[in-house]
Amino acid sequence: MTEYALPTDPAELAAKLADPMWRLCSGALYKILIKGDDEDDDGLVLPFKPNRAQKRLMRRLWHRNLILKARQLGFTTLICIMWLDHALFNPNSRCGIIAQDREAAEVIFRDKVKFAYDNMPNALKEAMPLITCNKSEIVFKNNSSVRVATSMRSGTIHRLHISEFGKICAKHPDKAAEVVTGSIPAVPKSGILVIESTAEGREGEFYEISKRAEALMQEGRPLTPRDYRFHFYPWWQAPEYVLDAKHVRITPKDEEYFARVEARMKIVLGREQRAWYVATRDADFAGNEERMWQEYPSDPDEPFKVSTEGTYYAQQIATARTQGRFKQLIPVLPGIPCYTFWDIGNSDGTAIWVLQHLDSEWRGIRFKEGWGEPYAHYAKWLQDTGLIFGEHFLPHDADHVRQGETTNKSPKQMLEGLMPGHRFTIVPRIEDVNWGIQQTRDVFPLLWFDDTHTSEGVVHLENYRKKWSAQQQRWMTEPDKAGGHSEAADALRQFAQAYTGGLINVRRNTTTKKTARKRSWRTT
């Protein structure tokens with residue numbers, strides 16, 4: 001008997017088939033289609049033998065699982081084989097795979113699920129025949145099935161895999177919401193759910209679930225069947241990611257990066273591993289370190305430092321992090337006035353950045369946003385901070401009387417009534433919002449951020465992006481107002497426009513800091 005042959009003895013065969021690990025790991029039952037090395041090669045058919053990362057996932061599989069990973073480790077292939085195996089050997093089971101789009105769903109079903117079944121030993125196929133097969137679902141005689149689609153809502157799903165959930169969240173937020181509200185609850189407490197993806201920025205359901213799962217892992221407490229187990233698979237765990245270092249130039253900056261990774265992850269990276277990383281970054285991603293963090297992360301935080309294409313401030317924020325301008329906590333300087341910069345929406349939200357000036361630094365120390373709240377709500381919040389305020393900068397439309405307001409006052413007039421003695425300044429309208437965005441980019445080197453008190457605002461800045469045209473398949477020139485990130489970005493833009501336009505008089509407001517403590521607030 002060869003390594004991949006079925007036992008000929010009936011008793012031995014029955015014993016082997018009763019063992020799920022033998023079925024999945026022996027290479028005797030399932031075959032996979034892999035990409036060949038040559039362009040003319042249509043693909044190679046090989047017995048499925050799990051690699052090291054796949055075996056580790058099989059050992060650590062929980063009721064709910066979140067996989068944050070480097071590319072090309074084969075987790076979708078593994079799970080397709082696992083779901084197929086479960087359906088074949090467990091009657092009345094429903095197994096599902098959610099893909100990011102219809103094309104991806106058809107490819108997964110055809111090349112992974114259906115291919116594996118079609119290439120099983122004939123004797124097993126005869127014992128486990130199909131009764132239904134189409135482009136998305138395969139149903140067996142034992143009333144078990146495997147389905148691949150873009151969403152699943154109906155009935156119970158005993159095994160569910162959500163592939164590239166980060167991409168679904170970034171490009172199709174409505175579909176992501178449907179997955180969370182409809183598909184995930186369909187998995188019973190006794191079932192298995194696997195969410196797997198590379199990252200697509202610091203937003204969306206994948207980011208939120210990933211961070212919660214990582215926090216649970218760090219706490220070290222036992223998981224309930226409803227808790228997610230965090231699985232992280234960095235590039236440096238893959239033994240094949242090595243390259244001869246003779247012809248790869250590793251710069252001092254690269255060495256500093258690898259030293260930080262080694263210190264944080266408590267590992268040692270060999271020269272061949274470092275050479276592979278640098279060569280892959282430079283050849284595949286034109287030296288773009290953010291794309292490398294996303295596709296081949298070294299630690300769990302790296303993927304979420306990356307925003308998707310079309311964002312306005314991704315590079316500026318990445319540079320600020322590299323330069324150490326993000327601090328866990330920035331102390332508020334006593335007696336130094338703070339400045340607020342607002343975006344006030346008519347039908348959307350309100351956002352406020354609180355900045356404090358010191359020498360050449362503008363320190364973002366607080367951020368506040370809300371929807372549907374009265375101005376008194378924000379006045380009360382500012383009062384509760386206990387800060388001294390020098391001046392408040394409002395967008396141009398805050399000087400307009402809002403139709404339907406019973407007070408017949410502009411937002412500026414209403415805020416002046418709520419906060420007597422405080423100075424409110426209107427930032428003039430800019431004709432082209434893209435020019436204001438460029439001004440914000442230009443002043444970004446002045447900005448520091450308190451990660452504890454402004455993290456929500458920073459997430460919005462990272463994900464503030466251009467509008468995507470599905471019809472033209474390109475990014476448009478105007479911002480996307482529907483993503484929920486424009487309020488924070490527009491508020492910070494008021495700082496850039498006020499600073500560039502010379503509207504901020506630091507010297508004048510420094511002289512009023514004593515009287516600022518005595519100013520009263522009216523919040524009703």
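What you are looking at is a predicted structure, and each value in this text was computed from that prediction instead of being measured. Along each chain, the written sequence defines residue order, and numbers are assigned to residues from 1. Totals for whole chains, interfaces and linings use every residue, but because this is a predicted model, local features are given only for residues with pLDDT of at least 70 and side-chain atom pairs only at 80 or more, for both listing and counting. Computation of side-chain values covers all heavy atoms of the structure but excludes hydrogens and water.

### Considerations on the side chain of Thr440
Inference 1: Helical segments are the DSSP runs of H or I of at least four residues, strand segments are the runs of E of at least two, and each set is numbered from the N terminus. The residue Thr440 is located in helix H16 (residues 433-443) in this model.
Inference 2: Residue classification places Thr440 among the buried positions, given a relative accessible area of 1%.
Inference 3: A 3.5 Å cut-off defines polar contacts: any pair of N or O atoms within that distance qualifies, except that in protein one atom must be a possible hydrogen donor and the other a possible acceptor, and neighbouring residues in sequence count only when both atoms are side-chain atoms. There is a polar contact of 2.9 Å between the side chain of Thr440 and the backbone oxygen of Gly436. The classification of residues rests on relative accessible area computed with a 1.4 Å probe and restricted to protein chains. Under 20% of the type maximum is buried, over 50% is exposed, and intermediate values are partly exposed.

### Brief notes about the pattern of salt bridges
Inference 1: The term salt bridge refers to a pairing of a side-chain nitrogen on Lys or Arg with a carboxyl oxygen on Asp or Glu at a separation within 4 Å. Taken as a whole and judged by the stated rule, the model has 25 salt bridges.
Inference 2: Of the charged contacts in the structure, one is a salt bridge between Glu462 and Arg321, with a shortest N-O distance of 3.7 Å. Here Glu462 is found in helix H17 (residues 455-463), whereas its partner Arg321 is found in helix H13 (residues 314-322), with 141 residues between them in sequence.
Inference 3: On the accessibility criterion, Glu462 (2% relative accessible area) is buried.
Inference 4: Residue Arg321 is classed as partly exposed on the basis of its relative accessible area, which comes to 25%.
Inference 5: Taking the shortest distance from any N to any O, the salt bridge between Arg363 and Glu361 comes out at 3.0 Å. Taken individually, Arg363 and Glu361 each receive the classification buried, so the pair is uniform in this respect.
Inference 6: What emerges from the salt-bridge pattern is a single network uniting Lys211, Glu214, Arg264, Asp299 and Asp301.

### Focus: the packing of aromatic side chains
Inference 1: Working definition: a ring pair exists when centres of Phe, Tyr or Trp rings (six-membered ring for Trp) sit within 6.5 Å. Plane angles under 30 degrees give stacked, over 60 give edge-to-face, the rest tilted. What the rule picks out here adds up to 26 aromatic pairs.
Inference 2: Each ring, one from Phe495 and one from Tyr499, has its centre 5.8 Å from the other, and the planes form 40°; the classification is tilted. Of this pair, Phe495 and Tyr499 are both found in helix H18 (residues 486-500), four residues apart, which corresponds to roughly one turn of the helix.
Inference 3: Judged by relative accessible area, which is 38%, Tyr499 ranks as partly exposed.
Inference 4: Among the aromatic residues, those joined into a ring-pair cluster are Trp235, Tyr241, Tyr257, Phe258, Trp276, Tyr277, Phe285 and Tyr296.
Inference 5: By definition, being over a ring means that NZ of Lys or CZ of Arg is both within 6 Å of the ring centre and within 35 degrees of the ring normal. Positioned over the ring face of Phe89 is Arg23, at 3.9 Å from the centre of the ring.
Inference 6: In this structure, Arg321 packs its charged tip against the face of Phe326, placed 4.1 Å from the ring centre.

### Description of the pairing of strand E17 (residues 447-450)
Inference 1: A pair of strands is treated as paired once DSSP finds two or more bridges between them. As judged from the two bridges shared by strand E11 (residues 326-327) and E17, these two strands associate in the parallel manner. Its bridge partner being in E17, Lys327 is matched across the sheet by Asp450.
Inference 2: Looking at chain direction, strand E14 (residues 361-371) and E17 are connected through three bridges and run parallel. Across the sheet, residue Gly364 finds its bridge partner in E17, namely Phe449.

### Considerations on the environment of Leu193
Inference 1: Relative to the helices and strands, Leu193 is located in strand E9 (residues 192-197).
Inference 2: Look at Leu193 and you get buried, because its relative accessible area is 0%.
Inference 3: Here the alpha-carbon distance between Leu193 and Trp62, two residues 131 residues apart in the chain, equals 8.1 Å.
Inference 4: By definition, residues are in contact when any of their heavy atoms lie within 4.5 Å. Setting aside anything within four residues of it in sequence, one finds Leu193 in contact with His63, Arg64, Asn65, Leu160, Ile162, Ile184, Val187 and Tyr228.

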